[in-house]
Amino acid sequence: MRVITGKTKLLGVIGDPIEHSLSPVMHNAAISELGLDYVYVPLPVKTEDLKRAIAGFEAIGLIGFNVTIPHKQAIIPLLLEISPAAQMVGAVNTVWRTERGWSGTNTDVEGFIAPLKALSQDWHKITPVILGNGGAARAVVTGLSQLGCLKLHVVGRDRQKLEQFKQSWQNLPIYDSIAVHGWTELPELISGSELLVNTTPVGMYPDVERSPIDAALLEQLQPGAIAYDLIYTPNPTQFLKLARQQGAIAIDGLEMLVQQGAAALQIWLQQPVPIDIMRQSLKEIVYRREI
Ligand code: NAP
């Protein structure tokens with residue numbers, strides 16, 4: 001049994017609500033495996049309490065923390081500095097303490113691209129199609145641009161939000177790479193794409209029979225294309241099952257979740273972390289939630 005003492009170092013995740021977060025499971029599994037005297041806890045923080053909470057973290061010597069909804073943007077002005085990736089996404093999910101104050105980054109970007117890097121493609125020749133234009137799509141666009149994709153198609157259902165999404169990148173080199181489209185344009189985009197990414201919540205538990213794209217349209221996917229779903233419950237999603245039937249390579253959201261967590265833990269611990277243990281701990285809990 002792990003013993004918490006007065007010397008145990010504290011890590012955590014802030015959000016509201018936070019009770020369903022899977023992060024404590026994977027981080028504590030990794031900490032146990034490494035035999036370190038740390039503990040990672042969920043910290044419920046309401047919007048109106050964010051500033052006081054961060055000051056309190058400083059006072060109690062918290063080593064670092066993850067940030068989830070609704071604080072990913074609101075935390076930025078409270079930090080000393082943020083990474084270029086967090087600037088591009090416009091959101092922070094990982095914070096750590098430095099001598100001068102709190103630093104932040106967005107490890108969703110690293111988490112998203114980690115499984116793609118393992119496939120080693122000529123990314124500058126690949127034109128991804130991204131379904132959805134919310135918060136996660138921003139990490140996806142940033143990651144694909146880091147990988148070297150020169151053109152990105154973003155598909156959304158609200159013309160105004162799509163335009164705002166495009167405009168939000170206007171002072172960055174990536175602006176010219178992004179083309180936005182309505183869902184009606186999807187049939188033409190799919191057949192020419194080698195990478196299709198779902199960032200919408202369509203198909204997420206409990207709507208497990210749904211897919212953002214139906215089977216007939218997915219038939220136009222090129223054999224050997226990559227289908228990537230950010231959803232991690234169920235695992236795999238209906239979208240990934242259908243894409244696999246077309247001969248696509250499927251990547252699930254669980255891997256992104258594991259990899260973004262591993263990237264954060266590595267920042268806090270300053271040492272390699274046991275990714276397999278983190279993945280296994282998540283798989284066990286996701287499987288239990290599905291039954
Ligand atoms: P979000 O900011 O609410 O964005 C969701 C996007 O999906 C919006 O563009 C939304 O369009 C669109 N959408 C929602 N319902 C739709 C529907 N029925 N048909 C078509 N489009 C629809 O949410 P998010 O934070 O980006 O998260 C999106 C998904 O990614 C969630 O399932 C989340 O669990 C997952 N995610 C996974 C990871 C991971 O580590 N694996 C990390 C982050 C997020 P409107 O704006 O028009 O509503």
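Worth saying up front: this structure is predicted, and the values here are computed from it rather than measured.

Chemist: I'd like a description of the environment of Gly111, backed by residues and values.
Modeler: With respect to the helices, strands and loops of the structure, Gly111 is situated in helix 4 (residues 107-117). Taking relative accessible area as the criterion, Gly111 reaches 0% and is therefore assigned buried. For Gly111 and Ala74, which are 37 residues apart along the polypeptide, the C-alpha to C-alpha distance reads 22 Å. Setting aside chain neighbours within four positions, we find Gly111 in contact with Tyr228, Met256, Gln259 and Gln260.

Chemist: If you had to explain the site of the ligand to someone new, which residues and values would you point to?
Modeler: Taken together, 20 residues lie around the ligand, and Asn133, Ala136, Arg157, Leu230 and Gly253 are the ones closest in. Leu257 is positioned such that a nitrogen or oxygen atom in its backbone is 3.5 Å from an oxygen atom of the ligand. Burial of the ligand by the protein amounts to 74% of the accessible area it has alone, namely 920 Å². Looking at the shell around the ligand, the elements with two or more residues in it are helix 5 (135-147) and helix 10 (253-269). Of all the elements, helix 10 adds the most residues to the shell around the ligand, at 3 residues. Of the residues in the shell around the ligand, the class split is 10 nonpolar, 7 polar and 3 charged.

Chemist: Which residues make up helix 1 (residues 23-34), and what are the values?
Modeler: With 12 residues, helix 1 extends 17 Å from end C-alpha to end C-alpha; this agrees with the ideal 16 Å at 1.5 Å per step. When helix 1 is considered as a whole, its buried residues turn out to be Ser23, Pro24, Met26, His27, Asn28, Ala29, Ala30 and Ile31. At the exit of helix 1 stands Gly35, carrying a positive phi of roughly 70°.

Chemist: So what's going on with the pairing of strand 9 (residues 178-182)? Residues and values would help.
Modeler: The element strand 9 is largely enclosed, with a buried count of 5 among its 5 residues. Taking the sense of rotation as the criterion, the β-α-β connection linking strand 8 (residues 152-156), helix 6 (residues 159-167) and strand 9 turns out right-handed.

Chemist: Can you break down the packing of helix 1 against helix 10 residue by residue, with the values?
Modeler: It is the contact of helix 1 with helix 10, at a shortest axis distance of 10 Å, that shows an interaxial angle of 50°. The pairing of helix 1 with helix 10 is recorded here as oblique in orientation. Taken as a pair, helix 1 and helix 10 cross one another with a handedness that is right-handed. Residue-level contacts link Met26, His27, Ala30 and Leu34 of helix 1 to Leu257, Val258, Gln260, Gly261, Leu265, Trp268 and Leu269 of helix 10. Looking at the contact of helix 1 with helix 10 residue by residue, the class counts come to 8 nonpolar, 3 polar and no charged.

Chemist: Tell me about the domain arrangement of the chain, and name the residues and values.
Modeler: Domains assigned within the chain are domain 1 (9-106 + 255-290) and domain 2 (110-251). Counting from both sides, the interface comprises 14 residues of domain 1 and, opposite them, 20 residues of domain 2. Taken over both partners, the interface formed by domain 1 and domain 2 buries close to 1400 Å², and the fraction arising from carbon and sulfur atoms is 73%. Linking domain 1 with domain 2 are 0 salt bridges, by the criterion used here. In this structure, the connection of domain 1 to domain 2 is made through 2 residue pairs in polar contact (both at pLDDT 80 or more). For the side of domain 1 that touches domain 2, the secondary-structure elements that each account for two or more residues are helix 3 (84-89), helix 10 and helix 11 (275-290). Among the elements that take part in the side of domain 1 that touches domain 2, helix 10 stands out by supplying 6 residues, more than any other. Across the side of domain 1 that touches domain 2, the residue classes break down as 8 nonpolar, 3 polar and 3 charged.

Calculation criteria
- Residues numbered from 1 in each chain as written.
- Predicted model: local features only at pLDDT ≥ 70, side-chain atom pairs only at ≥ 80, totals over all residues.
- Heavy atoms only, no water.
- Helix = DSSP H or I, 4+ residues; strand = E, 2+ residues; numbered from the N terminus.
- Buried < 20%, exposed > 50% of the residue type's maximum accessible area, 1.4 Å probe, protein only.
- Contact = heavy atoms within 4.5 Å.
- Near = heavy atom within 4 Å.
- Polar contact = N/O pair within 3.5 Å; in protein donor to acceptor, adjacent residues only side chain to side chain.
- Areas by Shrake-Rupley, 256 points an atom, 1.4 Å probe, with all protein chains shown as cover.
- Nonpolar A, V, L, I, M, F, W, Y, C, P; charged D, E, K, R; others polar.
- Expected span 1.5 Å × (residues − 1).
- Right-handed = clockwise from strand over helix to strand, strands pointing away.
- Axes fitted to C-alpha atoms, helices over the stretch in contact; angles between N-to-C directions.
- Parallel < 35°, antiparallel > 145°, perpendicular 65-115°, else oblique.
- Left-handed = near helix turned anticlockwise from the far one by under 90°.
- Domains from an automatic or database assignment.
- Buried area = accessible area lost by both parts, 1.4 Å probe.
- Salt bridge = Lys/Arg side-chain N within 4 Å of Asp/Glu carboxyl O.

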